[in-house]
Amino acid sequence: MPLLPSTMCLASLLFWTGQTASTLLMSNATLVLVRPEVTAMRPLTSLGVPRYHQKRYISALDISALLDYHNSIRASVYPPAANMEYMVWDEWLASSAEAWATQCIWAHGPSQLMKYVGQNLSIYYGRNSSVIDLVKIWADEKRYYSFQMDCNPHCSWLCSGVCSHYTQMVWASSNRVGCAIHTCGSINVWGSTLHQAVYLVCNYAIKGNWIGEAPYKMGNPCSACPSKYQGMCKRNMCFSDLSSNRLPRF
């Protein structure tokens, strides 16, 4: 059976205003219609991502902050999640995020990679800001999202604004994330050129935001964890203490 188009962009881009009025985010382009039949990850170079051998564009402190924030949001979803998986850092995803961030293009990409991973983008210009300020606006989309209690047989998309950054953050099976932060000397954002803008790219796997599916199963925490977790639970999330998920050394 032929696949439907793999991505569907939201109709508009969001200019976020508030206390941090110079923070922008890109409407998430990971709302997809069907899961691809082939889910194995391909080499980065075959997906349009060049190899990078220099030091990471993100500090160990920022990595810890990003992981802690993502997991705090995932652990506190309401209604509670029965199958929420603990999120860990992934160097493959970080490398691909780094390669894209350094190109200073305000768009999701590269296009080949978007078939396999989810992606959230944020950019900040003006006064200094922490990495959490760049991701908090994704989590704040929760106020626009309504969890559908009964998906029979498919879930409707119940959102009164832009929600897909938040739903990617709390997609239960998206248990790996890798991000990069890069300061762009100049970057074109919706026709305006920003200077010395801090650009954050976060890539996620398994890719979330599938049309017709809820981000997670509602129920008692850890009551529907995949079997690979062998009943282990941490902070209301399915947990596996894998040595391969340790933070990278710099």
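Just so we're clear, the structure is a prediction, and the values are computed from it rather than from any experiment.

Draft legend 1. Spatial organisation of the packing of aromatic side chains. On inspection of all chains with the given rule, the structure shows six aromatic pairs. Centre to centre, the rings of Tyr 145 and Tyr 166 are 6.3 Å apart; their planes meet at 55 degrees, and the pair counts as tilted. With a gap of 21 residues between them, Tyr 145 in the loop between helix H3 (131-139) and helix H4 (164-169) and Tyr 166 in helix H4 connect regions that are remote in the sequence. Tyr 166 matches Tyr 145 in its accessibility class, with the two residues each being buried.

Draft legend 2. Local environment of the nonpolar core. Ranked by internal contacts, the top residues of the largest apolar core, which has 37 residues, are Met 84, Trp 89, Trp 138, Met 169, Val 177, Cys 179 and Leu 200. If you list the elements that add at least two residues to this core, you get helix H1 (60-75), strand E2 (88-89), H3, H4, strand E4 (176-189) and strand E5 (192-205). It is H3 that contributes the most residues to this core, six residues altogether. Discounting chain neighbours no more than four positions away, the residues touching Met 84 are Arg 74, Val 77, Val 170, Ala 172, Tyr 216, Asn 236, Met 237 and Cys 238. In this structure, Trp 100, Trp 106, Ala 180 and Ile 187 belong to the second largest nonpolar core, which totals 15 residues.

Draft legend 3. Examining the pattern of salt bridges more closely. Applying the stated criterion to the full structure yields three salt bridges. The salt bridge involving Glu 85 is made with Lys 228; its shortest N-O contact spans 3.7 Å. Of this pair, Glu 85 sits in the loop between H1 and E2 while Lys 228 sits in the loop between E5 and strand E6 (233-234), and the two are 143 residues apart along the sequence. Given a relative accessible area of 6%, Glu 85 falls into the buried group.

Draft legend 4. Region of interest: the pairing of strand E3 (residues 118-124). Burial analysis of E3 places seven of its seven residues in the buried class, which makes it a mostly covered element. Burial along E3 is two-sided: Gly 118, Asn 120, Ser 122 and Tyr 124 and Gln 119, Leu 121 and Ile 123, pointing in opposite directions, are all buried. Taken together, the seven bridges between E3 and E5 define a ladder with antiparallel strand orientation. Note on E5: the bridge partner recorded for Asn 120 is Cys 202.

Draft legend 5. Broad picture of the environment of His 108. Looking at the secondary structure, you find His 108 in the loop between helix H2 (91-101) and E3. For His 108, a relative accessible area of 17% translates into the label buried. Taking C-alpha positions, His 108 is 7.6 Å from Leu 121, a pair spaced 13 residues apart along the chain. One polar contact links His 108 to Gln 119, side chain to side chain, over a distance of 3.0 Å.

Draft legend 6. Fine view of the state of the cysteines. Using the criterion set out here, one finds six disulfides in the structure. Cys 179 shares a disulfide with Cys 202; S-S distance 2.1 Å. Between Cys 179 and Cys 202 the disulfide shows an S-S torsion of about 110 degrees. By sign, it is right-handed. Taken together, the residues span a long stretch of sequence, with Cys 179 in strand E4 and Cys 202 in strand E5 at a distance of 23 residues. Residue classification places Cys 179 among the buried residues on the basis of a relative accessible area of 1%. On the basis of relative accessibility, which here comes to 0%, the residue Cys 202 falls in the buried class. Taking only the cysteines that form disulfides and numbering them from first to last, the protein chain has the pattern 1-7, 2-3, 4-5, 6-8, 9-11, 10-12.

Draft legend 7. Geometry of H2. In terms of burial, H2 is largely enclosed, as nine of its 11 residues are buried. Within H2, burial applies to Leu 93, Ala 94, Ser 95, Ser 96, Ala 97, Glu 98, Ala 99, Trp 100 and Ala 101. Residues of H2 that are buried in the fold lie against E2, E3, E4 and E5. Put simply, Asp 90 is the residue that caps the front of H2, since its side-chain oxygen is 2.9 Å from the backbone nitrogen of Trp 92.

Calculation notes
- Residues numbered from 1 in each chain as written.
- Predicted model: local features only at pLDDT ≥ 70, side-chain atom pairs only at ≥ 80, totals over all residues.
- Heavy atoms only, no water.
- Phe/Tyr/Trp six-rings, centres within 6.5 Å; stacked < 30°, edge-to-face > 60°.
- Helix = DSSP H or I, 4+ residues; strand = E, 2+ residues; numbered from the N terminus.
- Buried < 20%, exposed > 50% of the residue type's maximum accessible area, 1.4 Å probe, protein only.
- Core = buried A, V, L, I, M, F, W, Y, C linked by side-chain atoms within 4.5 Å.
- Contact = heavy atoms within 4.5 Å.
- Salt bridge = Lys/Arg side-chain N within 4 Å of Asp/Glu carboxyl O.
- Pairing = 2+ DSSP bridges.
- Polar contact = N/O pair within 3.5 Å; in protein donor to acceptor, adjacent residues only side chain to side chain.
- Disulfide = S-S within 2.5 Å.

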